[in-house]
Amino acid sequence: MALTSDTPRSAHPDDLGLTRRSQLTGLFGAFVSFALLSEVSCARPNPRMTARDWIDRHNELARALKQGQVSARSWMTEVERLAREIDIAELMADVNQSKLSAASKPPTNDPSKRSVRFIDASGTPRRLAYAAALFDFAPSNVITPHGHKNMVSAHLVTNGKFRVRNFDRLRDEGNGMVIRPTRDFVASTGTLSAMSSARDNIHWFVPKGGPARTFDVIISGLDPKQPDFDIAAIDPLGGRRMRDGTILAPVMSFEAASAKYLTSL
Ligand SMILES: [Fe+2]
């Protein structure tokens, strides 16, 4: 490993460089701005897209991303904005009308996955440029920290709430990833968490206070010359914490990750 001048030590769950308190401090200025904007927006009716338009807009964005017409960062910004345009109950009404296919239960502590195929007016499954899925979390299920290649995803909370932690993936090194903590927040219904190779590539979802669900938009195969996607579990809490705030987190198996990363972390 190249980062030998730094002192290796394990990280505590709240010692990854971005505690809730520091994030709240950093967000205070943004909150003031948001509050002012909210006051302005309260004066107007709140425009909401229909579920059909929202699904179509995601399709346009996914196609543009695949064709290189928008960057991954722009895609993330836009899907975060879109999340504020949809009524979750209306979206779920369309999801409930769609074709749902349950995946086999994984051997790990992951949530249950169901693929979502939206249908058109004639009842035919639609062909979209993205995959959609529901993830149902029992209170004990965890999506453990992991990184991705050649794909992006957006996770919209449709029920319950989660503690969501993100890290930028700065580079791969040996059998690990050099990562930097970026976000640590509680996402409740209507909040979206996105990831790409450009930012927040590592994510970690822990349900808080009961069962919870996300609706996911997933776009893989961004570079057709590469494998469709690559997903690897990592161990940020067992990694080497560097003086510059980065962490060299070893890759681990998903089974080992599920055994270690319980809801208590
Ligand atoms: Fe993921």
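Values in this document were obtained by computation on a predicted structure and should not be read as measured data.

A.B. asks: In this structure, what is going on with the overall build of the protein? I would like to understand it.
C.D. replies: When helices and strands are tallied, the protein shows five helices and 13 strands. Counting every position in the protein, which comprises 265 residues, the buried fraction comes to 32%. Here the contacts in the protein between residues at least 6 apart in sequence split such that 74% fall between residues at least 24 apart.

A.B. asks: Explain the environment of serine 193 here, please?
C.D. replies: Mapped onto the fold, serine 193 is located in strand S8 (residues 192–195). Given 25 C-beta atoms within 10 Å, serine 193 falls into the buried group. Between the alpha carbons of serine 193 and glutamate 80 there is a distance of 7.5 Å; along the sequence they are 113 residues apart. Ignoring sequence-local partners within four residues, the contact set of serine 193 consists of His155, Val164, Ala187 and His203.

A.B. asks: Would you mind going over the sheet that holds strand S3 (residues 131–137) with me for this structure?
C.D. replies: Sheet strands pair via backbone hydrogen bonds, and the direction of the pair is either parallel or antiparallel. The strand order across the open sheet formed by six strands is S1-S2-S3-S10-S5-S8, and the pairing between neighbours is antiparallel. With partners counted over all chains shown, the strands left at the sheet margins are strand S1 (99–102) and S8, one partner each. Neighbour-to-neighbour, the strand axes of the sheet open up by a mean angle of 25°, direction not taken into account. Bridge count between S1 and strand S2 (residues 112–117): four bridges; the pairing is antiparallel. The partner of serine 101 across the bridge, within S2, is serine 115.

A.B. asks: Where do I start with unusual backbone geometry in this structure?
C.D. replies: Both trends apply: most residues other than glycine have a negative phi, and most peptide bonds are in trans. Phi is positive for asparagine 150, close to 65°, though the residue is something other than glycine. Residue position: asparagine 150 is located in the loop between strand S4 (143–149) and strand S5 (151–159). The phi dihedral of aspartate 200 falls on the positive side, at around 55°, and the residue is not glycine. Residue position: aspartate 200 is located in the loop between S8 and strand S9 (202–207).

A.B. asks: Looking at this structure, how should I read the environment of glutamate 78?
C.D. replies: By the element assignment, glutamate 78 lies in helix H3 (residues 72–83). By the C-beta count within 10 Å, which is 19 here, glutamate 78 ends up partly exposed.

A.B. asks: Just checking my understanding: could you explain the packing of helix H2 (residues 51–66) against H3 for this structure?
C.D. replies: Geometry of a packed helix pair, given as the angle between the helix axes and the separation of the axes. In contact at an axis separation of 10 Å, H2 and H3 are set at 175° when each is read in the N-to-C sense. As summarised for this structure, H2 and H3 are arranged roughly antiparallel, according to the angle between their axes. Here H2 contributes Trp54, Arg57, His58, Leu61 and Leu65 to the contact with H3, which in turn contributes Ala72, Trp75, Glu78, Val79 and Leu82.

A.B. asks: Just to check I follow, could you spell out H2 for this structure?
C.D. replies: A turn of α-helix holds 3.6 residues, and therefore any two residues three or four places apart point the same way. Helix length check: H2, at 16 residues, gives a terminal C-alpha distance of 23 Å against a target of 22 Å (1.5 Å per residue), a fit within 8%. Against H3, helix H4 (88–97), S5 and strand S10 (212–220) lie the buried residues of H2.

A.B. asks: So what exactly am I meant to see when it comes to H3 here?
C.D. replies: Look at H3: 17 Å from first C-alpha to last across twelve residues, which is about the 16 Å you get at 1.5 Å a residue. Considered for burial, the residues of H3 that qualify are Trp75, Met76, Val79 and Ala83. All buried residues of H3 project into a common sector of 100° when viewed along the axis, lining one side. Those residues of H3 that are buried lie in contact with H2, S5, S8 and S10.

The rules behind each value
Residue numbering note: each chain is counted from 1, following its sequence as written. Thresholds applied to this predicted model are a pLDDT of at least 70 for local features of residues and 80 or more for the giving and counting of side-chain atom pairs; totals over whole chains, interfaces and linings are not thresholded and use all residues. Only DSSP runs of H or I with at least four residues qualify as helices, and only runs of E with at least two residues qualify as strands; both kinds are numbered from the N terminus onward. Neighbour density around each residue's C-beta defines its exposure: 20 or more other C-beta atoms within 10 Å make it buried, 12 or fewer make it exposed, and counts between make it partly exposed, where C-beta atoms are placed from the backbone. C-beta atoms are first placed from the backbone for all residues, and any pair lying within 7 Å is then listed as a contact. Strand pairing follows a simple DSSP-based rule, namely that at least 2 bridges must link the two strands. Comment: axis = line fitted to C-alpha atoms, over the contacting stretch for helices; angle = value between 0 and 180 degrees taken between N-to-C directions. For this classification, under 35 degrees means roughly parallel, over 145 means roughly antiparallel, 65 to 115 means roughly perpendicular, and everything else is oblique. To estimate how far a helix should reach, multiply one less than its number of residues by 1.5 Å. By construction, the arc corresponds to the directions joining the helix axis to the C-beta atoms.

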